[in-house]
Amino acid sequence: MNRAIYPGSFDPVTLGHLDIIERSLAITDELIVGVLNNKTKNPLFSVEERVNMLKEVTGHLKHVTIQSFDGLLVDFAEQLQAKMIVRGLRAITDFEYELQMSQINHALNSNIDTVFLTTRLQYAYLSSSTVKEIAAMGGDVKKFVPQPVVGKLYEKYGMIR
Ligand code: ADP
């Protein structure tokens, strides 16, 4: 069984994340999306809200489960007997940080490797933070996030669209 973890903040999940989730399924038997419960990042959506949105937008996919975690990613992976971490790479600006994280994780647990999927060109510029900025200013986010997330974003910013 080739089980992988796709970790992230997913605050909120975007179409770029969903694309990585769908493509990961071609290289794993089972994917666990790990939602980081990182209290220092001050997220817009609570960890429960982020988990629930991911569950809703991946409901049509087999072999995907959503779980929250805190603490070290390699400990979470070990606990779930996952040997592979999936991360998305958008641009060279992601690379340095991702390279360092994958090397540190490998140093912490050499049974676990990180695999990178490069983003689809159409999502290369997309990030949860830019989507939040657009929504906060009342811009149209339909092209960037799955449909169920659109209304939740405007709700957070007290907007009805
Ligand atoms: P983190 O806080 O860990 O970076 P994110 O939720 O921002 O969490 O991202 C989770 C993962 O998804 C990261 O590997 C990130 O590079 C990747 N990712 C984010 N946006 C996109 C996108 N538009 N296309 C492909 N991968 C992406």
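All figures in this text were calculated on a predicted structure; none of them were measured in a lab.

**Here we look at unusual backbone geometry**
Inference 1: Omega for the peptide link from Asp11 to Pro12 comes to 0 degrees, which places this bond in the cis form.
Inference 2: Residue placement: Pro12 occurs in the loop between strand S1 (3-8) and helix H1 (15-24).
Inference 3: At Gln81, a residue that is not glycine, the phi angle is positive and equals roughly 55 degrees.
Inference 4: The exposed category is assigned to Gln81, whose relative accessible area is 61%.

**A closer look at the site of the ligand**
Inference 1: In the vicinity of the ligand lie 16 residues, with Tyr6, Ser9, Phe10, Lys41 and Gly88 positioned nearest.
Inference 2: Side-chain polar atom of Arg87 to an oxygen atom of the ligand: 3.1 Å apart, as the coordinates give it.
Inference 3: Take Arg90: an N or O atom from its side chain is 3.3 Å from a nitrogen atom of the ligand.
Inference 4: At the level of elements, S1, H1 and strand S4 (84-89) are the ones that each hand at least two residues to the shell around the ligand.
Inference 5: Of the residues assigned to the shell around the ligand, the class counts are 6 nonpolar, 6 polar and 4 charged.

**Here's the deal with the sheet that holds S4**
Inference 1: Taken in spatial order, the 5 strands make up an open sheet running S3-S2-S1-S4-S5, and their pairing is parallel. The open sheet has two free edges, formed respectively by strand S3 (64-69) and strand S5 (113-118), since each of these has just one partner strand. Pairwise comparison of adjacent strand axes, ignoring direction, gives a mean angle of 30 degrees for this sheet.
Inference 2: As paired strands, S4 and S5 are joined by 6 bridges and run parallel to one another. What sits directly across from Gly88, in S5, is Leu117.

About the thresholds
Residues numbered from 1 in each chain as written. Predicted model: local features only at pLDDT ≥ 70, side-chain atom pairs only at ≥ 80, totals over all residues. Heavy atoms only, no water. Helix = DSSP H or I, 4+ residues; strand = E, 2+ residues; numbered from the N terminus. Buried < 20%, exposed > 50% of the residue type's maximum accessible area, 1.4 Å probe, protein only. Near = heavy atom within 4 Å. Polar contact = N/O pair within 3.5 Å; in protein donor to acceptor, adjacent residues only side chain to side chain. Nonpolar A, V, L, I, M, F, W, Y, C, P; charged D, E, K, R; others polar. Pairing = 2+ DSSP bridges. Axes fitted to C-alpha atoms, helices over the stretch in contact; angles between N-to-C directions.

Treat this as a map of the structure, not an account of what it does.
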